[in-house]
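# Breakdown of the fold
For reference, the chains in residue letters:
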Amino acid sequence: MDADSKAVMMAWEKPLMEAHAKAVCLGGGHVLNIGFGMGLVDTAIQQYSPVKHTIVEAHPDVYERMIRTGWGQKENVKIVFGRWQDVLSQLETYDGIFFDTYGEYYEDLREFHQHLPVLLKPGGIYSFFNGLCGSNAFFHVVYCHLVSLELENLGYSTQLIPLPVKDCLGEQVWEGVKHRYWQLDTYYLPVCQSAEDSE
Ligand SMILES: C[S@@+](CC[C@H](N)C(=O)[O-])C[C@H]1O[C@@H](n2cnc3c(N)ncnc32)[C@H](O)[C@@H]1O
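This write-up is about the structure you can find in this document. (Residues numbered from 1 in each chain as written. Predicted model: local features only at pLDDT ≥ 70, side-chain atom pairs only at ≥ 80, totals over all residues. Heavy atoms only, no water.)

### Points about the overall build of the protein
In terms of helices and strands, the protein carries 8 helices and 7 strands. In the protein, buried positions account for 44% of the 199 residues. For the protein, long-range pairs separated by at least 24 residues make up 66% of all intrachain contacts whose partners lie at least 6 apart in sequence. Total accessible area on the protein stands at roughly 10,300 Å², and carbon and sulfur atoms take up 52% of it. (Helix = DSSP H or I, 4+ residues; strand = E, 2+ residues; numbered from the N terminus. Buried < 20%, exposed > 50% of the residue type's maximum accessible area, 1.4 Å probe, protein only. Contact = heavy atoms within 4.5 Å. Areas by Shrake-Rupley, 256 points an atom, 1.4 Å probe, with all protein chains shown as cover.)

Listed below in structure tokens is the structure:
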């Protein structure tokens, strides 16, 4: 929760983060995650023992927690502290990339996508937290189409893998939470790769 009782990241997302990790680790190699949060996706990525695992995190408290809990000591982990927009010059090229930043807008996601041709290796896999308008089924579908089209214009094909989430989202999950940011029964996990590689 943030200081305003708005949920930033919730435990029900753990299986989703595990599925994202599996997708972006398919090719092994060097994996990039933008946004550490509760470290769910990074913990899952570590289980695939990537050769290198780079994490970009901007919030000083989250960064401090990463250091305190030993993430800076892991042999294959490199932490880049700062907003991804400000640390692009410190990034390399990756076999898998995951993007999940709280408090940013669709425009930020679009801007990040403009950098994919530089950041993602040929054959690499990209995924992002697909919470786009997650409280409205109609607009969610519209956003899913929009983001897929925009990625297509950049040369990427996107598969949206349906994952049922209804059973892990009982009423009790949202008790005390101001913004119920997800209200749909199915989560569509994006798996993007260069259109040439997916043929
Ligand atoms: C929803 S959490 C990520 C949750 C994570 N996927 C997990 O599995 O626990 C979003 C994180 O992104 C970080 N963040 C937000 N904007 C960012 C930016 N521009 N650059 C880097 N990190 C950012 C936040 O500080 C927060 O830790």
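### Let's talk about unusual backbone geometry
We note that S49 has phi near 45 degrees; this positive angle belongs to a residue other than glycine. Its location among the elements puts S49 in the loop between helix 2 (40-46) and strand 2 (52-57). A positive phi angle, close to 50 degrees, is found at C133, a residue other than glycine. Along the chain, the position of C133 falls in the loop between strand 5 (120-128) and helix 7 (137-153).

### Overview of the site of the ligand
Among the 23 residues in the neighbourhood of the ligand, the closest are listed as M38, V41, E57, D100 and E104. Residue G39 places a main-chain N or O atom 3.1 Å away from an oxygen atom belonging to the ligand. Residue Q85 places a side-chain N or O atom 3.0 Å away from a nitrogen atom belonging to the ligand. Surface burial for the ligand is 93%, taken as the share of its 610 Å² of free accessible area covered by protein chains. Among the elements of the structure, helix 2 and helix 4 (84-87) are those that each provide at least two residues to the shell around the ligand. Looking at side-chain class alone, the shell around the ligand contains 12 nonpolar, 7 polar and 4 charged residues. (Near = heavy atom within 4 Å. Polar contact = N/O pair within 3.5 Å; in protein donor to acceptor, adjacent residues only side chain to side chain. Nonpolar A, V, L, I, M, F, W, Y, C, P; charged D, E, K, R; others polar.)

### Re the nonpolar core
Here is a general trend for soluble globular proteins: nonpolar side chains tend to be buried in one another's company. Residues V56, I97, F99, L109, F112, Y126 and F128 are the most contacted members of the largest nonpolar core, which totals 23 residues. For this core, the secondary structure elements donating two or more residues are strand 1 (30-34), helix 4, strand 4 (94-99), helix 5 (106-114), helix 6 (116-119), strand 5 and helix 7. Within the second largest apolar cluster, 22 residues are counted, among which are W12, A21, L40 and L184. (Core = buried A, V, L, I, M, F, W, Y, C linked by side-chain atoms within 4.5 Å.)

Remember that the coordinates give geometry; whether it matters functionally is a separate question.
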